[in-house]
Structures are given as C-alpha cells and as structure tokens.
Amino acid sequence: MDAEITLLAGTAGTTIATLLATDAWNGVRNGVLALWRRVRPEHEERVAAQLDMSRRDLLDARADGDEEAEREIAAEWRGRVRRLLLAHPEVATELRSLLAELAPGTPAVTTVTQHATASGEARVYQAGRDLHIDHP
C-alpha cells in the first residue's frame, strides 16, 4: 500500500506544481483544499497559504528562468500529499478523481500485485512492466 501511496502522491505533486501557473489554478486550489477540508479542516488555511506561496514562487521562478523551481515545488507537494494519504488513505479515491478532472491526459495510477512461489532450483521472474533477462 505504501508504494501505491508514494506513486499517487508523486503524480499529485507533479500535477499540482505543473498546473499552479496555468488557467487551471483555481480548480487545483479548490480541489486540494477540498481534500484537506474533508479530513483535516483545521489545516485548511495553512494549506491555502502554502498553495498561494507555491504559485507565487513558481511564477517568480519562471520569470527568472529558474527551471529547477517546479521540480522543487512538486517535491514539496508530493511530500504533503503523501503524508496526508498515509494518515487518511480513504481520500486516495477522491484524489484520483481530482487528478483525472484536473489533468485528463494524466495516466491513471494502477496497482500491480504479484505472487510467486518457487521451490528447488526453480527461478521466478516477475515485472510490473518490461522485463529483460540476459543469462544462459
């Protein structure tokens, strides 16, 4: 579950940072605040201030040609969202819906679960995606 949360938080952090300086800004702000309001209403004002600051920082950084700022802001939001999901995993579905609404082209976050049993000298190879094996 932690890997899934980390992946979802990473997607959310990147999406939030990417959309902060776009016309989708209000939707991002409202959606993120709705998540926090649902499970941590006492943090809503602080999260709103953090979103506003992140937006200002990103706009200033772009004006200055600072290309690293967006990655830093994405990392900050990835951490915030990850901590929220660890404390309240029940908002994961709502977060997925928000991301699909805000960035429809963003690939869905999927979970791969694999089980294998090997005995004797058997080998098991598993992959959630590409697998290349190079041995005789």
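Caption draft 1: Region of the structure containing the overall build of the protein. Secondary structure assignment for the protein yields 5 helices and 0 strands. For the protein, long-range pairs separated by at least 24 residues make up 67% of all intrachain contacts whose partners lie at least 6 apart in sequence. On the protein, roughly 8700 Å² of surface is accessible, and the fraction owed to carbon and sulfur atoms is 49%.

Caption draft 2: Spatial organisation of the packing of aromatic side chains. Summed over all chains, the structure comprises 1 aromatic pair. Residue placement shows R80 over the ring face of W77; its charged tip is 4.5 Å from the ring centre.

Caption draft 3: Representation of the side chain of S54. Secondary-structure assignment places S54 in helix α3 (residues 44-64). Ignoring sequence-local partners within four residues, the contact set of S54 consists of L20, I73, E76, W77 and R80.

Caption draft 4: Just helix α2 (residues 25-39), in detail. A rise of 1.5 Å per residue sets the reference length of α2, with its 15 residues, at 21 Å; its end C-alpha atoms lie 22 Å apart and thus fit the reference within 8%. Taken together, the buried positions of α2 are W25, V28, G31, V32, L33, L35, W36 and V39. Residues of α2 that are buried in the fold lie against α1 (2-19), α3, α4 (69-87) and α5 (92-102).

Caption draft 5: Quick look at the packing of α1 against α5. With their axes 11 Å apart at the nearest point, α1 and α5 run at an angle of 35° to one another. Considering the relative orientation of α1 and α5, their crossing is left-handed. Contact residues: α1 offers E4, L8, T11, A12, T15 and L19, while α5 offers A92, L95, R96, L99 and L102.

Caption draft 6: Just the packing of α3 against α4, in detail. Look at α3 against α4: their axes get within 9 Å of each other, and the N-to-C directions meet at 165°. By the angle between their directions, the pair α3 and α4 is classed as roughly antiparallel. Viewed along their axes, α3 and α4 form a crossing whose handedness is left-handed. Contact with α3, carried on its side by V47, Q50, L51, S54, D57, L58, A61 and R62, involves A69, E70, I73, E76, W77 and R80 of α4 and no other residues of that element. Classifying every residue of the contact of α3 with α4 by side-chain character gives 7 nonpolar, 2 polar and 5 charged.

Caption draft 7: Quick look at the environment of A127. Note on placement: A127 falls in the segment after α5. Overall, the relative accessible area of 30% leaves A127 in the partly exposed class. Separated by 13 residues in sequence, A127 and Q114 have C-alpha atoms that sit 8.4 Å apart.

Caption draft 8: Region of the structure containing the pattern of salt bridges. For the structure on display, the rule yields 7 salt bridges. Close ionic contact of E94 with R38 constitutes a salt bridge, the shortest N to O distance being 2.5 Å. Taken together, the residues span a long stretch of sequence, with E94 in helix α5 and R38 in helix α2 at a distance of 56 residues. Given a relative accessible area of 45%, R38 falls into the partly exposed group. Salt-bridge contacts for E68 lead to R71; the nearest nitrogen and oxygen are separated by 2.8 Å. Residue classification places E68 among the partly exposed positions, given a relative accessible area of 37%.

Analysis parameters
Residues numbered from 1 in each chain as written. Predicted model: local features only at pLDDT ≥ 70, side-chain atom pairs only at ≥ 80, totals over all residues. Heavy atoms only, no water. Helix = DSSP H or I, 4+ residues; strand = E, 2+ residues; numbered from the N terminus. Contact = heavy atoms within 4.5 Å. Areas by Shrake-Rupley, 256 points an atom, 1.4 Å probe, with all protein chains shown as cover. Phe/Tyr/Trp six-rings, centres within 6.5 Å; stacked < 30°, edge-to-face > 60°. Lys NZ or Arg CZ within 6 Å of the ring centre and 35° of its normal. Expected span 1.5 Å × (residues − 1). Buried < 20%, exposed > 50% of the residue type's maximum accessible area, 1.4 Å probe, protein only. Axes fitted to C-alpha atoms, helices over the stretch in contact; angles between N-to-C directions. Left-handed = near helix turned anticlockwise from the far one by under 90°. Parallel < 35°, antiparallel > 145°, perpendicular 65-115°, else oblique. Nonpolar A, V, L, I, M, F, W, Y, C, P; charged D, E, K, R; others polar. Salt bridge = Lys/Arg side-chain N within 4 Å of Asp/Glu carboxyl O.

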